[in-house]
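# Chains, contacts and geometry: an overview
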Amino acid sequence: VDVLSAIRVAYEGETVSQVYRGNQVIDVSVVLAPAARRSVAQVGDLPIKTPSGSIIPLSKLAEIGMPAGRYVVLRDGARRVQTITFDVGGKELSGFIAEAQKKIAESVTFPPGSYFAFEGAAEAQAKAQRDLLVNSGLAGLAIIALLAIVMGNARNLGLILLNLPFALVGGVLAVVMTGGMLTLGALVGFVTLFGISLRNSVMMMSHFEHLVLAEGEPWNMQTVLRGASERLLPILMTALVTALGLLPLAIGSGDPGREIEGPMAIVILGGLATSTLLNLFVLPGLAWRFAYFKQQEV
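Notes on the structure in this doc start here. Numbers given to residues run from 1 along each chain, matching the order in which its sequence is written. Residue-level local features of this predicted model are given only where pLDDT is at least 70; pairs of side-chain atoms are given and counted only at 80 or more, and the full residue set underlies all totals for whole chains, interfaces and linings. Calculation of side-chain values draws on the structure's entire complement of heavy atoms; hydrogens and water are dropped beforehand.

## Some thoughts on the side chain of N163
Within the secondary structure, N163 sits in helix α5 (residues 163-177). Residue N163 is classed as buried on the basis of its relative accessible area, which comes to 1%. In this description, contact between two residues means that some pair of their heavy atoms is separated by no more than 4.5 Å. When near neighbours in sequence (up to four residues on either side) are disregarded, N163 contacts S197, L198, N200, S201, S275 and N279. Secondary structure is summarised from DSSP: a helix means a run of H or I of at least four residues, a strand means a run of E of at least two, and numbering begins at the N terminus for each. Partly exposed residues are those whose accessible area sits between 20% and 50% of the maximum for their type, while under 20% is buried and over 50% is exposed, using a 1.4 Å probe and protein chains only.

Okay, structure coming up:
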């Protein structure tokens, strides 16, 4: 006990007094001088006082060395745990984890009762992606059901939903051109992009329906051109205002603190470019060929 106490005081220190400076209380500790505790070899030179009063070095009382082994044993839920931390070095986290899991499964055999698990940022991102996909899927089904009720027929609903692949093309191209990493921010961007794209196609198809049913226009190419030209400015302004608002985030996507907003802005900008062009130039032609409105005149 005396030896252990001497080692603790020498290398950890021990408070022996207190000094008062006004209302401030300052502890006074005793510890070995830094010059005397810089290496393992100096540990053996620590003087120890024996019960008889003589002074001997610690090396006479203990074997001192640096053997290979664990200096601490971690436990979680009464089970031993070994934690390994690492940085993926700029790679996409989910892709890196998938590759690491595959290689570990192929080349590493664990003893009975042992297993590995990825936690931390990898676990949090995987959970966030699952929650986002599930919630977005449920919301998408609800939106499609509402659109089906409003539009009244499958043809027009299909034309509205056709704008989703229009937006997907630009979003995917934007992801590929900026490194090909499908991050959580990029997924959020796709969800937002699909909402904006659906709004634009709903504006176009609802205006066609208004021209035919409310104004009594015949459903022909002249009506299609009129409807597309009248919805040109609203659709362009929606895309332009959104793009101007997201452009600063896209330019600074690599800055600290923009791990979510940066990829989201890039996906939305890329998807808006293709969906706006295709919505203005391709959707009207497809609508003329496949759309159906009650009481239409040919």
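## Observations concerning the packing of helix α3 (residues 121-151) against helix α6 (residues 184-214)
Two quantities define a packed helix pair, namely the angle between the helix axes and the distance between the axes. Taken N-terminus to C-terminus, the directions of α3 and α6 make an angle of 5 degrees; their axes are 11 Å apart at the nearest point. When the interaxial angle is binned, α3 and α6 end up roughly parallel. Residues A128, Q129, L132, S136, I143, L147 and M151 of α3 lie in contact with α6, whose contacting residues are L184, L187, V188, V191, L198, V202, M205 and E209. Residue polarity follows a fixed list, in which Ala, Val, Leu, Ile, Met, Phe, Trp, Tyr, Cys and Pro are nonpolar, Asp, Glu, Lys and Arg are charged, and the others, Gly among them, are polar. Taken together, the residues that form the contact of α3 with α6 break down as 12 nonpolar, two polar and one charged. In this description, a line fitted to the C-alpha atoms serves as the axis of each element, helices being fitted only across the stretch in contact, and the angle between N-to-C directions of two axes falls anywhere from 0 to 180 degrees. By the definition adopted for this analysis, an angle is roughly parallel if under 35 degrees, roughly antiparallel if over 145, roughly perpendicular if from 65 to 115, and oblique otherwise.

## Some words on the pattern of salt bridges
Oppositely charged side chains can pair when the atoms bearing their charge come close. By salt bridge we mean one thing: a side-chain nitrogen of Lys or Arg within 4 Å of a carboxyl oxygen of Asp or Glu. Inspection of the entire model under this criterion finds six salt bridges. The salt bridge involving E14 is made with R8; its shortest N-O contact spans 3.7 Å. Ionic pairing is found between E217 and R226, a salt bridge with its closest N-O pair at 3.0 Å. Exposure remark for E217: the relative accessible area of 27% places this residue in the partly exposed category. The network of salt bridges with shared partners includes E215, E217, R226 and E230.

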